[in-house]
Amino acid sequence: MKLVRILFLVLACAVGSGAIAQTPKPAAAATSTHTPAHLAAADRVIDAMALAQVFGHALERSVAQMRANDPSSADLLSEASAPLLKPQFVTGELRDFVADQLDLASCTAIADFLQGPVGSKHIAAQIEELRTGKPVAVTLDEREQAAEQAFGQSKAGDDFVRFAAALGPRFDALTAKANAQLAANVRALLDKRVMAPAQKP
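Residues numbered from 1 in each chain as written. Predicted model: local features only at pLDDT ≥ 70, side-chain atom pairs only at ≥ 80, totals over all residues. Heavy atoms only, no water.

With that out of the way, let us pick up the overall build of the protein chain. Within the protein chain one finds 9 helices and 0 strands. When the helices and strands of the protein chain are read in sequence order from the N terminus, they spell out α-α-α-α-α-α-α-α-α. The buried share of the protein chain, taken over its 201 residues, is 38%. Considering only contacts within the protein chain whose residues lie at least 6 apart along the sequence, 85% involve residues at least 24 apart. Here the protein chain displays about 11,100 Å² of accessible surface, and carbon together with sulfur accounts for 57% of that area. (Helix = DSSP H or I, 4+ residues; strand = E, 2+ residues; numbered from the N terminus. Buried < 20%, exposed > 50% of the residue type's maximum accessible area, 1.4 Å probe, protein only. Contact = heavy atoms within 4.5 Å. Areas by Shrake-Rupley, 256 points an atom, 1.4 Å probe, with all protein chains shown as cover.)

Below, the structure written as structure tokens:
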């Protein structure tokens, strides 16, 4: 099984399980102990894995269901969810987690692979599969197959498989937190709209 597919099978379970509707567990605030270089490499992993897109897909699907149940709330939901759909939200939430799971060398090697010709093919295919629900085949030539095999047999490849297993539960927690923040944003916007007429002279 392809390494990238292992990761997306984990994420697909998180996205498909209705994680947006879960109740979040309180989490203690933490201060990063990682170096700027390590955090920058973790950001590269998040970007290379298109985690913001995966998260956005889950959130947008949840919001679409809410709109279908209450069409009059469309504008409110769009405004409330906008901050959560920015890539910076996912990066900020996952940066330290990625650095906790992967050392600097593995972050760099994984990002290099996923942003390279082989990994990027898998990522693009898995994003399309997540979007359409239909399997997308990835064709690799002999040189690309050799590069994929070499990555899989490396320390970074082993770390990537372990990271994939840890990412599923963390992704669930992230989507649950987003659900709570979305609800809070909706309440704040409703309060603002209620107060606005009262403030008019």
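In the contact formed by helix α7 (residues 117–132) and helix α8 (residues 142–152), the axes pass within 9 Å of each other and the chain directions differ by 90°. Judged by the angle between their axes, α7 and α8 are roughly perpendicular. When α7 is examined against α8, the residues Pro 117, Val 118, Lys 121 and His 122 are found in contact with a partner set consisting of Glu 144, Ala 147 and Glu 148. Here the contact of α7 with α8 is composed, by residue class, of 3 nonpolar, 1 polar and 3 charged. (Axes fitted to C-alpha atoms, helices over the stretch in contact; angles between N-to-C directions. Parallel < 35°, antiparallel > 145°, perpendicular 65-115°, else oblique. Nonpolar A, V, L, I, M, F, W, Y, C, P; charged D, E, K, R; others polar.)

Turning next to the side chain of Thr 91. Structurally, Thr 91 is set in helix α5 (residues 87–101). Setting aside chain neighbours within four positions, we find Thr 91 in contact with Asp 43 and Ile 46.

A complete count under the given rule lists 5 aromatic pairs for this structure. Between the aromatic rings of Phe 55 and Phe 89, the centroid separation amounts to 5.6 Å while the plane-to-plane angle is 40°, which identifies the pairing as tilted. Here the residue Phe 55 occupies a position in helix α3 (residues 51–69), and Phe 89 occupies one in helix α5, the gap between them amounting to 34 residues. Judged by its relative accessible area of 1%, Phe 55 falls in the buried class. (Phe/Tyr/Trp six-rings, centres within 6.5 Å; stacked < 30°, edge-to-face > 60°.)

A few words on helix α6 (residues 104–115). If you check α6, its first and last C-alpha atoms are 16 Å apart, about what 12 residues at 1.5 Å a residue would give, namely 16 Å. Looking at α6, one finds that the buried residues are Ser 106, Cys 107, Ile 110, Ala 111, Phe 113 and Leu 114. Buried residues of α6, seen end-on, are gathered within an arc of 165° and therefore sit on one face of the element. Between the side-chain oxygen at the start of α6 and the backbone nitrogen of Ala 105 there is a gap of 3.3 Å, and the oxygen is on Asp 103. (Expected span 1.5 Å × (residues − 1). Arc of directions from axis to C-beta. Polar contact = N/O pair within 3.5 Å; in protein donor to acceptor, adjacent residues only side chain to side chain.)

Attention now moves to the pattern of salt bridges. Here the structure, examined in full by the defined rule, presents 9 salt bridges. The shortest N-O distance in the salt bridge between Glu 144 and Lys 121 comes to 3.1 Å. Remark: Lys 121 occurs in helix α7 and Glu 144 occurs in helix α8; sequence separation between them is 23 residues. By relative accessible area, which is 13% here, Glu 144 ends up buried. Judged by relative accessible area, Lys 121 falls into the partly exposed class, the value being 34%. Among the charged side chains, a salt-bridge network with shared partners connects Asp 103, Lys 155, Asp 159 and Arg 162. (Salt bridge = Lys/Arg side-chain N within 4 Å of Asp/Glu carboxyl O.)

Before going further, it helps to examine α5. Compared with the 21 Å implied by 1.5 Å per residue over 15 residues, the 21 Å span of α5 between its first and last C-alpha is a close match. If you check which residues of α5 are buried, you get Phe 89, Val 90, Thr 91, Leu 94, Phe 97, Val 98 and Ala 99.

Positive phi, close to 55°, is recorded for Ala 50, a residue that is not glycine. As for its placement among the helices and strands, Ala 50 is situated in the loop between α2 (36–48) and α3.

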